[in-house]
Amino acid sequence: MLQEKLDKILLKVNKPSRYTGGEVNAVIKDKSKVDVRYAFCFPDTYDIGMSHLGLKILYSLINSKENYWCERVFAPWIDMEELMRKHSIPLYGLESFDPIIDFDVIGFTLQYELSYTNILNMLDLAGIPVYASERDDSHPIVMAGGPCACNPEPITDFIDLIVLGDGEEVTLEWLALYEQSKREGWSRKELIKRSVEIEGIYAPSLYDISYNADDTVKAITPQGDAPKSVKKRIVKDLDKAFYPEKFIVPYAQTVFDRATVEVLRGCIRGCRFCQAGYLYRPYRERSRGNLVGQVKSLCENTGYEEVSLSSLSTSDYGEIEQLLSELVDYTEEERINLSMPSMRIDSFSKELLDKVKSVRKSGLTFAPEAGSQRLRDVINKNITEEEILSSCKIAFEGGYSSVKLYFMLGLPTETDEDLAEIEVLSRKIIDLFYSLPRRGNNKGIQLSISLSTFVPKPFTPFEFEPQDSEERIAEKQKLLTNLIRSRKISLSWNDVKTSRLEATLARGDRRLNKAIYAAWKSGCVFDSWSECLDTNKWEKVFKECELDPAFYANRKREYNEVMPWSHLDYMVSREFLISENIAAYEGKTTLNCREHCTNCGVAKMQGGICVEKR
Amino acid sequence: MKSVRIKFSKLSTAKYISHLDLSRCMQRAIKRAALPVWYTEGFNPHMYVNFLSPLSLGTESLCEFMDIRLLEDIEPEEIISRLSSQLQGGLNIISCASPMYKNTEIESAQYEITVKCNDTKELAKFISADKLEVKKQRKKHGEYVIDIKPTIIIDKLNFDENKLFIDINLPSGVHESINPSLIFEAFEASYADKNVTIDSMQILRTNLFCENGKEFR
């Protein structure tokens, strides 16, 4: 019996309650009364995956249908996986403990490129053939969705169907089709063929890719009736979209363990490096009344001590101050912490700060991304130094003494002068702190500067750009270390080899499938964990597969190059991305969606801010 | 303001919930039950929930205690029913009353242990011997060996070919505390070269006792 087997091994692994389920609000159904069993697989550990809002939404959505049962599956940590393989325990759903190979559908979420090897590992642990072509009618259908679905080409050999865009509507539409296929006894091939009739569903096996002599993509040709391009789905009216009233409350400590409401979807800003801002267009808000109701029902059903207002840029919410006023009344009475991540520097005000006073004064985070105004204009991050300093002033006067600033290294047109501005800005912030009357405590300022490496992503104006070489990034990190000497500033950066691998996979084509397979086979898993990533193994794999990572990461693309994702349509036009890229090189900024429509192409979808009066 | 002591059981898969996790879990259950509990004052106010006598991960228990302070007078039956409806999966409220003894008065714990072993006869011999030496760790003094025979009471011991059952009282107070797993670790260590192994072990803490021999409550 599985329970007995698990009892033997659970005390030998780290944080065993990640593998036992039974949490409050987990959905248990009678499997004999269920027509479709869905395994939602998050390709990382329980502690990471349980924070994923998409999982919470789709889990509740699918379970809201009486005859569907959605269960959660996470990647077992290395110690647990070893014991599972040793004792022949296949990957199981956390609700039923049934092996997921017996389920109807397996759905993976593609959150970040470095989780790809985990997908293969989980399929293997489940006993499901890793290659889609080797699965037969007895195996579950393997689907995937999420942000990386915009360029899933490096893993198309392993996934049957991919969902582009918002999942709330298309998931139920497809599951209804699946029910029909089961009733009428369709073959797997037939189901895949019929699935692409639903807008937003991409079946990679129905496309042939040809390459030019210089290894760029020549053509992406659909077979039979498969659409030439697959359009993403959006939920036009977020207020009408499904949102859970309950969240599962984990026993184990997980990241971001709190109630979360999605304030808005999309972003108006158009920062040229930010893929999410383009993928999730158009900008759509949830109404204030709806949000307050969701906060209350989530807090009552979970007992969480913190609630987070989540989105790409929460301070852009139209009625942000009214929303906060209403919420603070409730959260203060119920002794719940209100957390507001993603605050833009230019919408930061004393009023806003006063409202979220209940947040523990652990510090504020801003993301200028570039040190000089010139470079900020290039990336269209429309924030002035004056705004940065005045926001810091408000924060310091409000009692905050700790500020974290995010910057990127390797942005297009970046020069050493731009980098030097990071140090100049830091010094100005420190001087500002000490110029203000001290508020009674003797705490000095703590300024943290985080430098990440820029990764060019598909569907952004910078999808044509090369990533800076590892050597150049290392030089730049050294430059800043030498420039920033103050003990009041702590400098940190992420590992450049990790960013390089991310850049390779982000704009990869189908030829990378064999590299990902080989990497997994040679033992690569949990690549997004610094203690697990083995870049030597990856280097070896690329050599053996005769693939050059520099071709994907460090090569400048021409405006007319056929990208591996050209057949996937996120409604932001190629012409717009090109014109934004040109504007970047000219140092010209673009207005945000609220100020003026800049005709990116998404208005065709007739939703959100595109159809609002501005 | 009234101090209330809640007794609950921790069984089945709940045994894998660590002490810290249990604390968070109960706080959230109390919040969902909308019980008017007292929060600590000061810079970082939090719900006052005091857990007594921590349990090792993997051990089941019929005698877990947590103390809270209620701001309003509520009947014990109502507290039990409101809190019970917010708990599941091996956590069950047993009773609710005013605290009788102080936490520091807990002296010993009663355990029922079922062990699957390939030589139960030797294990029984080991436990029943005149001397029962186990290895303990101390922060400052490192590892040391102690004979726990004088401080333990074996209330029941029986075994068959595969299984051994023992009902044992072990010291479990602020001064001295013996974790039952130490006995079996010592057994395995001394029989390591004789190919005797413990296959599995189920430990259930059934009761806590005070110095005067009274049941803790």
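All values reported here derive from a predicted model rather than from experimental measurement.

Check the secondary structure of chain A and you find 20 helices and 19 strands. For chain A, whose C-alpha radius of gyration is 24 Å, the value lies close to the compact-globule estimate of 25 Å for 614 residues. Projected onto its principal axes, the C-alpha coordinates of chain A cover approximately 75 × 65 × 55 Å. Burial analysis of chain A (614 residues in total) assigns 59% to the buried set. Of the contacts made within chain A by residues no fewer than 6 positions apart, 77% connect residues no fewer than 24 positions apart. Accessible surface for chain A amounts to roughly 24,700 Å². Of this, 49% is attributable to carbon and sulfur atoms. Once the 81 positive and 94 negative side-chain charges of chain A are each reduced to a mean point, those two points are 2 Å apart.

Moving on: the sheet that holds strand β14 (residues 337-339) of chain A. Across a sheet, paired strands are connected by hydrogen bonds in the backbone, their directions being either parallel or antiparallel. All names here are of chain A. Ordered by their spatial adjacency, three strands build an open sheet running β10-β13-β14, and the pairing between neighbours is parallel. What marks the edges here is a single partner per strand, and that holds for β10 (259-262) and β14. Across the sheet, the mean angle from the axis of one strand to that of its neighbour is 20°, orientation sign disregarded. Each of β10 and β13 (306-310) is contacted by helix α9 (residues 288-302), which is oriented at about 160° to β10, the strand it contacts most.

For the rest of this paragraph, the subject is the interface of chain B and chain A. In this complex, chain B contributes 18 residues to the contact, which on the side of chain A involves 29 residues. Summed over both sides, the interface between chain B and chain A buries roughly 2,100 Å², with carbon and sulfur atoms accounting for 52% of that surface. If you sort the residues of chain B by the area they bury against chain A, Y16, R28 and R32 of chain B come out on top, with a joint share of 36%. At the boundary of chain B with chain A, the tally comes to four salt bridges. Between D199 of chain B and K8 of chain A there is a salt bridge, with the nearest N and O atoms lying 3.8 Å from each other. At the surface where chain B touches chain A, the tally comes to 11 residue pairs in polar contact (both at pLDDT 80 or more). Considering each element in turn, the side of chain B that touches chain A owes the most residues, six residues, to helix α1 (residues 19-32) of chain B. Class assignment for the residues of the side of chain B that touches chain A results in six nonpolar, five polar and seven charged.

Residue and element names in this part refer to chain A. The parallel open sheet is built from four strands, whose spatial order is β15-β16-β17-β18. Of all the strands in the sheet, just β15 (364-369) and β18 (489-493) have a single pairing partner and so form its edges. Pairs of neighbouring strands in the sheet enclose a mean axial angle of 20°, with direction left out of account. The pairing of strand β17 (residues 446-453) with β18 spans five bridges and is parallel. Pairing of L447 across the sheet is with I489, part of β18. Across the sheet, helix α14 (residues 416-435) touches β16 (402-409), β17 and β18, and the angle it forms with β17 is around 160°.

Here the focus is the nonpolar core. The biggest cluster of nonpolar side chains holds 122 residues, and the ones touching the most others in it are L6, M80, Y92, I100, F108 and W174 of chain A. With seven residues, the single largest contributor to this core is helix α5 (residues 116-126) of chain A. Core analysis: the next-biggest nonpolar cluster, separate from the first, contains 35 residues, A109, I166, F187 and L208 of chain B among them.

On to the pairing of strand β7 (residues 142-147) of chain B, then. Regular strands have side chains that alternate between both faces of the sheet. Residue and element names in this part refer to chain B. One ladder, built from six bridges, connects strand β6 (residues 133-138) with β7; its direction is antiparallel. Residue pairing across strands places K136 opposite Y144, the latter belonging to β7. Joining the antiparallel neighbours β6 and β7 is a turn of three residues.

Residues and elements named next belong to chain A. Summarising burial for strand β4 (residues 141-145): five of the five residues are buried, a large majority. Taking every second residue as pointing to the same face, both faces of β4 are buried, with I141, M143 and G145 on one and V142 and A144 on the other. With five bridges connecting them, strand β3 (residues 105-109) and β4 associate as parallel partners. Among the inter-strand pairings, T109 is bridged to a residue of β4, identified as G145. As for the winding sense of the linkage, the β-α-β connection from β3 through α5 to β4 is right-handed.

Residues and elements named next belong to chain A. Enumeration according to the criterion identifies 25 aromatic pairs over all chains in this entry. Summarising the aromatic geometry, the rings of Y92 and F97 are spaced 5.1 Å apart at their centres and angled 20° between planes, so their arrangement reads as stacked. Residue class for F97 comes out buried when judged on its relative accessible area of 17%. Ring plane angle 45° and centroid distance 5.1 Å describe the contact between Y131 and F158, whose orientation is recorded as tilted. Within this pair, whereas Y131 is found in the loop between α5 and β4, its partner F158 is found in the loop between β4 and β5 (161-163), the two being separated by 27 residues in sequence. One aromatic cluster in this structure is built from Y131, F158, Y517 and W520. Over the ring of F247 we find K56, and its NZ or CZ is 4.7 Å from the ring centre.

Residues and elements named next belong to chain A. Together, E300, D329, E332, E333 and E334 line one region of the surface with negative charge. Here the negative patch takes three residues from helix α10 (residues 320-333), the largest share from any one element. With respect to the helices and strands, the residue E333 is situated in helix α10.

Next up on the list: the pattern of salt bridges. Residues and elements named next belong to chain A. Scanning all chains against the criterion turns up 62 salt bridges over all chains. Two residues, E262 and R265, come together in a salt bridge whose shortest N-O distance is 2.7 Å. Just as E262 is buried, R265 falls in that class too. Shared partners join several salt bridges into a network, and the residues in it are D166, E168, E262, R265, R284 and R286.

Given a rise of 1.5 Å per residue, 14 residues ought to cover 20 Å, and the 20 Å separating the end C-alpha atoms of α1 of chain B matches this to within 8%. Most of α1 of chain B is tucked away, with 11 of its 14 residues classed as buried. All of the buried residues along α1 of chain B are D21, L22, S23, R24, C25, M26, R28, A29, I30, K31 and R32 of chain B. Of the surrounding secondary structure, the elements contacted by the buried residues of α1 of chain B are α9 of chain A together with β1 (2-10), β2 (49-52), β3 (60-70), α2 (76-84) and β4 (91-97) of chain B.

All names here are of chain A. For the pair α5 and helix α17 (residues 512-521), interaxial distance at closest approach is 9 Å and the crossing angle is 65°. Taken as a pair, α5 and α17 cross one another with a handedness that is right-handed. Of the residues in α17, those touching α5 at Y116, T117, L120, N121 and D124 are I516, Y517, A519 and W520. A per-class count over the contact of α5 with α17 returns six nonpolar, two polar and one charged.

Residue-level pLDDT values for chain B average 93, and 100% of them are 70 or greater. Confidence metrics for the complex model read pTM 0.95 and ipTM 0.92.

Most peptide bonds are trans, and most residues other than glycine sit at a negative phi. Residue and element names in this part refer to chain A. At the junction of R281 and P282, the peptide bond is cis and its omega measures out at 5° in the coordinates. By the element assignment, P282 lies in the loop between α8 (275-279) and β12 (284-285). The residue D215 is not glycine, and still its phi comes out positive at about 75°. Take D215: it is sitting in the loop between β7 (207-211) and β8 (217-222). Given the relative accessible area of 38%, D215 is considered partly exposed. A positive phi angle, near 65°, is found at F459, a position not held by glycine. Of note, F459 is situated in the loop between β17 and α15 (470-483).

Each value, and the rule that gives it
Going along each chain's sequence as written, the residues are numbered from 1 onward. Key to labels: chains lettered from A, ligands numbered from 1, both in the order written. Where local features are concerned, this predicted model is filtered to residues with pLDDT of at least 70; where side-chain atom pairs are given and counted, the filter is 80 or more; whole-chain, interface and lining totals use all residues. By convention in this description, side-chain values take in all heavy atoms of the structure and omit both hydrogens and water. Secondary structure elements are taken from DSSP: a helix is a run of H or I of four residues or more, a strand is a run of E of two residues or more, and numbering for both begins at the N terminus. Two things to know: the radius of gyration comes from C-alpha atoms, and the globule rule equals 2.2 Å times the number of residues to the power 0.38. Here the term buried applies to any residue with accessible area under 20% of the maximum for its type, exposed to any over 50%, and partly exposed to those in between, with areas from a 1.4 Å probe on protein chains only. Whether two residues are in contact is decided by their heavy atoms: any pair within 4.5 Å suffices. Per-residue accessibility takes into account occlusion by the displayed protein chains alone, with areas from the Shrake-Rupley method and a 1.4 Å probe. The convention is simple: Lys and Arg are positive, Asp and Glu are negative, and His and the chain ends are not counted. Lysine's charge is taken at NZ, arginine's at CZ, aspartate's at CG and glutamate's at CD. Pairing between strands is defined by DSSP: at least two bridges between them are needed. Between the N-to-C directions of two axes lies an angle of 0 to 180 degrees, each axis being a line fitted to C-alpha atoms and, for a helix, fitted only over the stretch in contact. Once two parts are put together, the accessible area they lose, assessed with a 1.4 Å probe and summed over both, is termed the buried area. Salt bridges, as used here, are contacts in which a Lys or Arg side-chain nitrogen is within 4 Å of a carboxyl oxygen on Asp or Glu. Side-chain atoms alone can form a polar contact between residues adjacent in sequence; in general such a contact is a pair of N or O atoms within 3.5 Å, and within protein one must be able to donate a hydrogen while the other accepts it. As a working rule, the residues Ala, Val, Leu, Ile, Met, Phe, Trp, Tyr, Cys and Pro are called nonpolar, Asp, Glu, Lys and Arg charged, and the rest polar, with Gly in that last group. We call a set of buried Ala, Val, Leu, Ile, Met, Phe, Trp, Tyr and Cys residues a nonpolar core when their side-chain atoms join them within 4.5 Å. By the criterion used throughout, a crossover qualifies as right-handed when its path from the first strand across the helix to the second strand runs clockwise, the strands pointing away from the viewer. The pairing test for Phe, Tyr and Trp rings, Trp by its six-membered ring, is centres within 6.5 Å, and the orientation test on the planes gives stacked under 30 degrees, edge-to-face over 60, and tilted for anything in between. Two conditions define a charge sitting above a ring: the NZ of Lys or the CZ of Arg must be within 6 Å of the ring centre, and it must be within 35 degrees of the ring normal. For patch building, the residue pool is restricted to those with more than 30% relative accessible area and no salt bridge; the joining distance is 9 Å between like charges and 5 Å between nonpolar side chains (Val, Leu, Ile, Met, Phe, Trp, Tyr). A helix is expected to span 1.5 Å for every residue after the first. Crossing handedness is read from the near helix: turned anticlockwise from the far helix by less than a right angle, it gives a left-handed crossing, and turned clockwise, a right-handed one. A score from 0 to 100, pLDDT tells how confident the predictor is in each residue.

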